[in-house]
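Now for the letters of each chain:
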Amino acid sequence: MPSAARVKADWAARGYSFEYWIDPPGQVWADFVHDKDELVVLLEGEIELSFGGKTLRPAIGEEVLIPAHSRHTVRNPGESSNRWCFGYKTRC
């Protein structure tokens, strides 16, 4: 399992911001659109990402890129809290 510190350092080197989040079971963040590419990685629990006509349930440590201008929804479909990170492209 990747650590938040390792993800933060990797993303900073690649030009991405970093946020650490904990969602309770059933939490839904619906219909977001950003002007920049977004990375998401799950550290613990379960997560569901819907965008571009598909729904993904990445494994712990699996990085997902949500392209800029993609309407997306993030859910915690699990029965316990999850821990996940997201970040936006800050430089080329």
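Quick caveat, the model's predicted, so the values are computed rather than measured.

A. Local environment of the pattern of salt bridges. The tally for this structure, following the rule as stated, stands at six salt bridges. Of the charged contacts in the structure, one is a salt bridge between Arg-83 and Glu-44, with a shortest N-O distance of 3.7 Å. Here Arg-83, found in strand E8 (residues 82-88), pairs with Glu-44, found in strand E3 (residues 38-44); they are 39 residues apart in sequence, far enough to count as distant. The partly exposed category is assigned to Arg-83, whose relative accessible area is 27%. Given the relative accessible area of 35%, Glu-44 is considered partly exposed. The residue Glu-46 makes a salt bridge to Arg-57 at a minimum N-O spacing of 3.0 Å. Pair noted here: Glu-46 is in the loop between E3 and strand E4 (48-51) and Arg-57 is in the loop between strand E5 (54-56) and strand E6 (63-66), with a separation of eleven residues, a long-range link.

B. Main features of the sheet that holds strand E7 (residues 72-75). Pairing within the open sheet is antiparallel, and its four strands lie in the order E2-E7-E4-E5. The sheet is open, and its two borders are formed by strand E2 (28-32) and E5, each paired with just one other strand. Here the strands of the sheet are splayed against their neighbours by 10° on average, with no regard to which way each runs. Across three bridges, the pairing between E4 and E5 is antiparallel.

About the cut-offs
Residue indices follow the written sequence of each chain, beginning from 1 at its first position. Local features are withheld for residues below a pLDDT of 70 in this predicted model, meaning they are given only at 70 or higher, and side-chain atom pairs are given and counted only at 80 or more; totals for whole chains, interfaces and linings count all residues. Note that water and hydrogens are dropped before the side-chain values are worked out from all heavy atoms of the structure. Should a side-chain nitrogen of Lys or Arg be within 4 Å of a carboxyl oxygen of Asp or Glu, the pair is scored as a salt bridge. Only DSSP runs of H or I covering at least 4 residues are called helices, and only runs of E covering at least 2 are called strands; the numbering of each starts at the N terminus. Think of it in three bands: residues with accessible area under 20% of the maximum for their type are buried, residues over 50% are exposed, and the middle band is partly exposed, with areas taken using a 1.4 Å probe on protein chains only. Strands qualify as paired when DSSP identifies two bridges or more between them. To obtain each axis, a line is fitted to C-alpha atoms, and for helices this fit is confined to the stretch in contact; angles are then taken between N-to-C directions over 0 to 180 degrees.

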